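Next come the chains, spelled out residue by residue.
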Amino acid sequence: MPSPSQPTADGPGIYLDHAATSPVCREAVDAVLAGMSITGNPSSRHEAGDEAKDALESSRTQMAALLDCAADDVVFTGGGSEADALAVCGTVLAADGHRPVHVITSAIEHSAVLESCAMAHELGAEITILRPDGRGWVDPEDVRRALRPNTVLVSVMHANNETGVIQPISDIAAVVHEAGALLHTDAVQTAGKISLAGLGADLVSVSAHKFYGPKGVGALKVAPGVRLSPLIRGGSQERGLRAGTENVPGVLGMAAAATAALHHLDDPAHQAHRHTVRAHLLKGLEEAGDIAVHGEGAPCLPETLNVSFTGVRGDTLVDVLAVQGICVSAGSACHAGSDEPSHVLTAMGIPAQRARSAVRFSPGRTTTVDAVTTAAARTVDAIGKLRALGPAGAPQPSHA
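Residues numbered from 1 in each chain as written. Predicted model: local features only at pLDDT ≥ 70, side-chain atom pairs only at ≥ 80, totals over all residues. Heavy atoms only, no water.

Undergrad: So what exactly am I meant to see when it comes to the overall build of the protein chain here?
TA: Across its full length, the protein chain holds twelve helices and twelve strands. For 400 residues, the compact-globule estimate of 2.2 N^0.38 gives 21 Å, and the C-alpha radius of gyration of the protein chain, at 22 Å, lies within 12% of that figure. The buried share of the protein chain, taken over its 400 residues, is 56%. Within the protein chain, contacts between residues separated by at least 24 positions form 73% of all contacts whose residues are at least 6 apart in sequence. For the protein chain, the computed accessible surface area is about 16300 Å², with 55% contributed by carbon and sulfur atoms. Of the charged side chains in the protein chain, 29 are positive and 43 negative; the average position of the first set lies 3 Å away from that of the second. (Helix = DSSP H or I, 4+ residues; strand = E, 2+ residues; numbered from the N terminus. Rg over C-alpha atoms; globule rule 2.2 N^0.38 Å. Buried < 20%, exposed > 50% of the residue type's maximum accessible area, 1.4 Å probe, protein only. Contact = heavy atoms within 4.5 Å. Areas by Shrake-Rupley, 256 points an atom, 1.4 Å probe, with all protein chains shown as cover. Lys, Arg positive; Asp, Glu negative; His and termini not counted. Charge placed at Lys NZ, Arg CZ, Asp CG, Glu CD.)

Undergrad: Explain the packing of helix α1 (residues 26–36) against helix α7 (residues 248–265) here, please?
TA: Between two packed helices, what matters for the description is the angle formed by their axes and the separation of those axes. Remark: α1 packs on α7, axes separated minimally by 7 Å, with the N-to-C direction vectors making an angle of 155°. Our classification of the angle between α1 and α7 gives roughly antiparallel. Here α1 runs over α7; the crossing is right-handed. Residues E27, A28, A31, V32, G35 and M36 of α1 form the contact with α7, whose participating residues are P249, L252, G253, A256, A257 and A260. (Axes fitted to C-alpha atoms, helices over the stretch in contact; angles between N-to-C directions. Parallel < 35°, antiparallel > 145°, perpendicular 65-115°, else oblique. Left-handed = near helix turned anticlockwise from the far one by under 90°.)

Undergrad: In this structure, what is going on with a negative patch on the surface? I would like to understand it.
TA: Together, E47, D50, E51 and D54 make up a region of like negative charge exposed at the surface. Relative accessible area serves as the criterion here: at 70%, E47 is assigned to the exposed category. (Patch = residues over 30% accessible without salt bridge, like charges linked within 9 Å, V, L, I, M, F, W, Y side chains within 5 Å. Salt bridge = Lys/Arg side-chain N within 4 Å of Asp/Glu carboxyl O.)

Undergrad: What exactly am I supposed to notice about a nonpolar patch on the surface here?
TA: Together, L93, M119, L123, L231 and I232 line one region of the surface with nonpolar side chains, adding up to about 400 Å² of accessible area. Relative to the helices and strands, L93 is located in helix α3 (residues 80–94).

Undergrad: What should I look at first to understand the state of the cysteines in this one?
TA: Cysteine pairs can be covalently joined through their sulfur atoms, and such a bond is termed a disulfide. As enumerated under the stated definition, the model contains zero disulfides in all. The thiol of C117 is unpaired, and the distance to the nearest cysteine sulfur, on C89, comes to 7.7 Å. We classify C117 as buried; its relative accessible area is 3%. (Disulfide = S-S within 2.5 Å.)

Undergrad: Help me out: how do you make sense of the nonpolar core in this one?
TA: A general trend in soluble globular proteins is that nonpolar side chains are found buried together. In this structure, M63, V154, V206 and F211 are the most contacted members of the largest nonpolar core, which totals 58 residues. Listing elements by their share of this core, those giving two or more residues are α1, α2 (47–67), β2 (74–77), α5 (140–146), α6 (169–178), β7 (203–207), α7 and α10 (343–347). With sequence-adjacent residues up to four places away left out, V154 is seen in contact with I104, V143, L147, I172, V176, L182, L183 and H184. Judged by nonpolar contacts, the second largest core, of 26 residues, contains L282, I326, V359 and L386. (Core = buried A, V, L, I, M, F, W, Y, C linked by side-chain atoms within 4.5 Å.)

Undergrad: What is the right way to read α1 from this model?
TA: Each α-helix winds once per 3.6 residues, and so residues spaced three or four apart point in a common direction. Taken residue by residue, α1 has A28, A31 and G35 as its buried positions. One side of α1 holds all its buried residues, which, seen down the axis, span an arc of 65°. The outward face of α1, more than 90 degrees from its buried face, is lined by the exposed residues R26, L33 and M36. (Arc of directions from axis to C-beta.)

Undergrad: Hey, could you run me through the packing of aromatic side chains in this one?
TA: Here the distance between the centres and the angle between the planes together describe a pair of aromatic rings. Overall, the coordinates contain zero aromatic pairs when judged by the stated rule. The ring of Y212 is capped by R365, whose NZ or CZ atom sits 4.0 Å from the centre of that ring. (Phe/Tyr/Trp six-rings, centres within 6.5 Å; stacked < 30°, edge-to-face > 60°. Lys NZ or Arg CZ within 6 Å of the ring centre and 35° of its normal.)

Undergrad: Would you mind showing me how to read the sheet that holds strand β4 (residues 126–130) here?
TA: Sheet strands pair by backbone hydrogen bonding; their relative direction is either parallel or antiparallel. Taken in spatial order, the seven strands line up as β2-β8-β7-β6-β5-β3-β4 in an open sheet, and their pairing is mixed. In this open sheet, the two edge strands, each paired with only one partner strand, are β2 and β4. With direction set aside, neighbouring strand axes in the sheet form an average angle of 20°. With three bridges joining them, strand β5 (residues 151–155) and strand β6 (residues 182–186) adopt parallel strand pairing. Across the sheet, V154 pairs through a bridge with L183, a residue of β6. Relative to the sheet, helix α4 (residues 111–122) contacts β3 (102–106), β4, β5 and β6, its axis offset from that of β3 by approximately 160°. (Pairing = 2+ DSSP bridges.)

Pasting the structure below:
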């Protein structure tokens, strides 16, 4: 079976939406299948339970290597969104002292964090939402100015899911810890792509399906001494922080994908290939003319390229390319189908009409230069045809 990022005999078949989800790597598939043959419950006190427990703890050690922490600091969850919710709301519920407590986040966060902050507000927390600069970068000094005596948590993502802009997490961590607060970072987009070592965050969320693991499983790093109140209550699994029998096959698949990802992080040829693919993709897209690269000027993941095309509606272009077998998106998969402009681009100060013209291209580990060259050429051709249609191919005026 060909890789999703390679051309096929019957069509282009070019998958450039890895920021939404990645194909499951062979190592993860094998691990999931092995996990399916494990009968016992990890909490059971017999041989079958011990087998499951041993597999779970071995996977915890593998995940700790990815998260740059001790194995005991890894809590398995049902995905990145659950990990974010546990980090944000769990911190608020467990906080002592000042009431109401205060949480700081940024306007470019994934909806999993923003909605968790909204829930925290319903629980009585005060929320401050910081705006990034025009590059989509959160200034650590803005964090410093927003801190209050009752601030218990700051949540800023490691890299943005729409623009790929990498945030100065270690600098933010220093500011936050000086004030005695905790730092959470959503590393869903960076895990397996860049190192998570030395971030300094107390809480780090990851999701397996973004680094070639199975869907529906994730993890949260919880640093020693951090107090969280569980959101899913029942049994004492995961140090009492996440009740419910663990998803052993999913966890094994995630751990195998994490180990494979670490191997690629250490491979100079792979690292060079990432940047080469981005350069060829951008060069090809520039042939369309009248384009803007969002996040330009800030450090970015090479796998994420967010571009808007004057006179073309982004979701229309995505649909046209999909017919040709080229998979891209108009923003976060969580907001697919929405007519609202991207909250990330809007927060960066990009006008709504320009934001509605944006398309996210996100190549992956096996994407070739030939694949992105073909995709860029077909995109340029589609843009030319849409522009020729006039208003029918252009962003529609907002009725807000």
